[in-house]
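Inside the fold
So the chains spell out like this:
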Amino acid sequence: MAELDGTEFVSNAANNAGGAIYASTGATITLNKTTFTSNEAKEGGAIRMLSTATLNDTDSIFEGNIATTEEGGAINSNGSITLVGTKFIENKAESQGKRGGAIYLTVGTLNATNVVFEGNVSSGNGGAIVLTSAAETVFDGCIFKNNTSGNRAGAIYLHNSGVMTTLRCEFNGNSAAGLGGAIYGTSSGFYVDGDSEVEGSGSKFIGNTASGAGALYIDKEAVLNGTVFENNKAISSAKFTT
């Protein structure tokens, strides 16, 4: 178990995975107000987490980290992640077709509260986040702004995963070269936005762009409660498909 408070990781590099931190199977990492700046590795520019590893973070900043040849500009994880007040700024999965500008998560879980994802870039799917074969994920009060994907999902790419829920989130100015200016969901169980019993719990999709489905592309089931769509643009006029 590792606990880090106010620590700085700047310009570290790994030949393989985890430019700053490599969390082995079953490890637990707790971060508070820690900064990860300009770190790089083949995968997980700042952090690489193996299966059953756990990351708990409060108020840390991930900025300018790079996955040079694989996925996850800031974090590449097979474990469980809980984020509160974290910021992901201008992280990048830079190699052709690679995914998850900020976070690439497979198999594990992700719960994010009041987290900011801004200016993250992937050459492949998921400008900010890729969730593949993940369990249930929740985003509450998060901001996704000006993230960019070279293929699908300017902000979040959801594939073959459990229920994803967004509450009171804002998707603003994200863009994808392919489908889903903000979110692209395929082969996944369910997408839920807002709580039907809580007024004002829906998310806002504003000014997102894509070649098709300017805001959402969902090929399974979706439930939207009080969701707002404004000034999203696409070649196709659909906000989501089922």
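A short tour of the structure in this document, coming up.

Criteria and thresholds
Residues numbered from 1 in each chain as written. Predicted model: local features only at pLDDT ≥ 70, side-chain atom pairs only at ≥ 80, totals over all residues. Heavy atoms only, no water. Helix = DSSP H or I, 4+ residues; strand = E, 2+ residues; numbered from the N terminus. Rg over C-alpha atoms; globule rule 2.2 N^0.38 Å. Buried < 20%, exposed > 50% of the residue type's maximum accessible area, 1.4 Å probe, protein only. Contact = heavy atoms within 4.5 Å. Areas by Shrake-Rupley, 256 points an atom, 1.4 Å probe, with all protein chains shown as cover. Lys, Arg positive; Asp, Glu negative; His and termini not counted. Charge placed at Lys NZ, Arg CZ, Asp CG, Glu CD. Polar contact = N/O pair within 3.5 Å; in protein donor to acceptor, adjacent residues only side chain to side chain. Pairing = 2+ DSSP bridges. Axes fitted to C-alpha atoms, helices over the stretch in contact; angles between N-to-C directions. Disulfide = S-S within 2.5 Å. Phe/Tyr/Trp six-rings, centres within 6.5 Å; stacked < 30°, edge-to-face > 60°.

1. Structural notes on the overall build of the protein
If you tally the helices and strands in the protein, you get zero helices and 34 strands. For 242 residues, the compact-globule estimate of 2.2 N^0.38 gives 18 Å, and the protein sits close to it at 16 Å. Its C-alpha atoms give the protein principal-axis dimensions of about 45 × 40 × 25 Å. Considering the protein as a whole, with its 242 residues, one finds that 50% of them fall into the buried category. In the protein, of all internal contacts separated by at least 6 residues, the share reaching a separation of at least 24 is 80%. On the protein, roughly 9,400 Å² of surface is accessible, and the fraction owed to carbon and sulfur atoms is 44%. If you average the places of the 14 positive and of the 23 negative side-chain charges in the protein, the two averages end up 7 Å apart.

2. Looking at the environment of isoleucine 218
For isoleucine 218, the position within the fold is in strand β31 (residues 216-218). For the pair isoleucine 218 and phenylalanine 190, spaced 28 residues apart in sequence, the C-alpha separation works out to 8.9 Å.

3. Digging into the side chain of asparagine 225
Structurally, the position occupied by asparagine 225 is in the loop between β32 (222-224) and β33 (228-230). Classification of asparagine 225 by relative accessible area gives buried; the value is 18%. Looking at asparagine 225, its side chain comes within polar contact range of the main-chain oxygen of glycine 194, at 3.3 Å. Not counting chain neighbours up to four residues away, the residues in contact with asparagine 225 comprise Val192, Asp193, Gly194, Asp195, Ser196 and Gly202.

4. Considerations on the sheet that holds strand β9 (residues 61-63)
Overall, parallel pairing links the nine strands, which are arranged β2-β5-β9-β13-β17-β21-β25-β29-β33 in an open sheet. On the outer flanks of this sheet lie β2 (8-10) and β33, each paired with one strand and no other. In this sheet, neighbouring strand axes are inclined to one another by 5° on average, regardless of whether the strands run parallel or antiparallel. Relative to strand β17 (residues 116-118), strand β13 (residues 87-89) runs parallel, the two sharing three bridges. Paired with lysine 87 across the two strands is valine 116, which belongs to β17.

5. Thoughts on the state of the cysteines
This structure, assessed with the given rule, holds zero disulfides. Of all cysteine sulfurs in the structure, the one in cysteine 169 sits closest to cysteine 142, which takes part in no disulfide; the separation is 4.6 Å. For cysteine 142, a relative accessible area of 1% gives the class buried. For cysteine 169, a relative accessible area of 2% corresponds to the buried category.

6. A look at unusual backbone geometry
With phi around 50°, lysine 33 is a residue other than glycine that occupies positive phi space. Here lysine 33 is to be found in the loop between β4 (28-32) and β5 (35-37). Phi angles above zero are rare outside glycine, and asparagine 160 is one such case at about 50°. Topologically, asparagine 160 is positioned in the loop between β23 (156-159) and β24 (164-167).

7. Examining the packing of aromatic side chains
On inspection of all chains with the given rule, the structure shows eleven aromatic pairs. Ring geometry for tyrosine 184 against tyrosine 217: centres 4.6 Å apart, planes inclined by 5°, an arrangement best described as stacked. Placement of the pair is tyrosine 184 in strand β27 (residues 183-186) and tyrosine 217 in strand β31, with a sequence separation of 33 residues. Considered together, tyrosine 184 and tyrosine 217 belong to a single accessibility category, that of buried residues. Taken together through their ring pairs, the aromatic side chains of Phe9, Phe36, Phe62, Phe88, Phe117, Phe139, Phe144, Phe171, Phe205 and Phe229 make up a single cluster.

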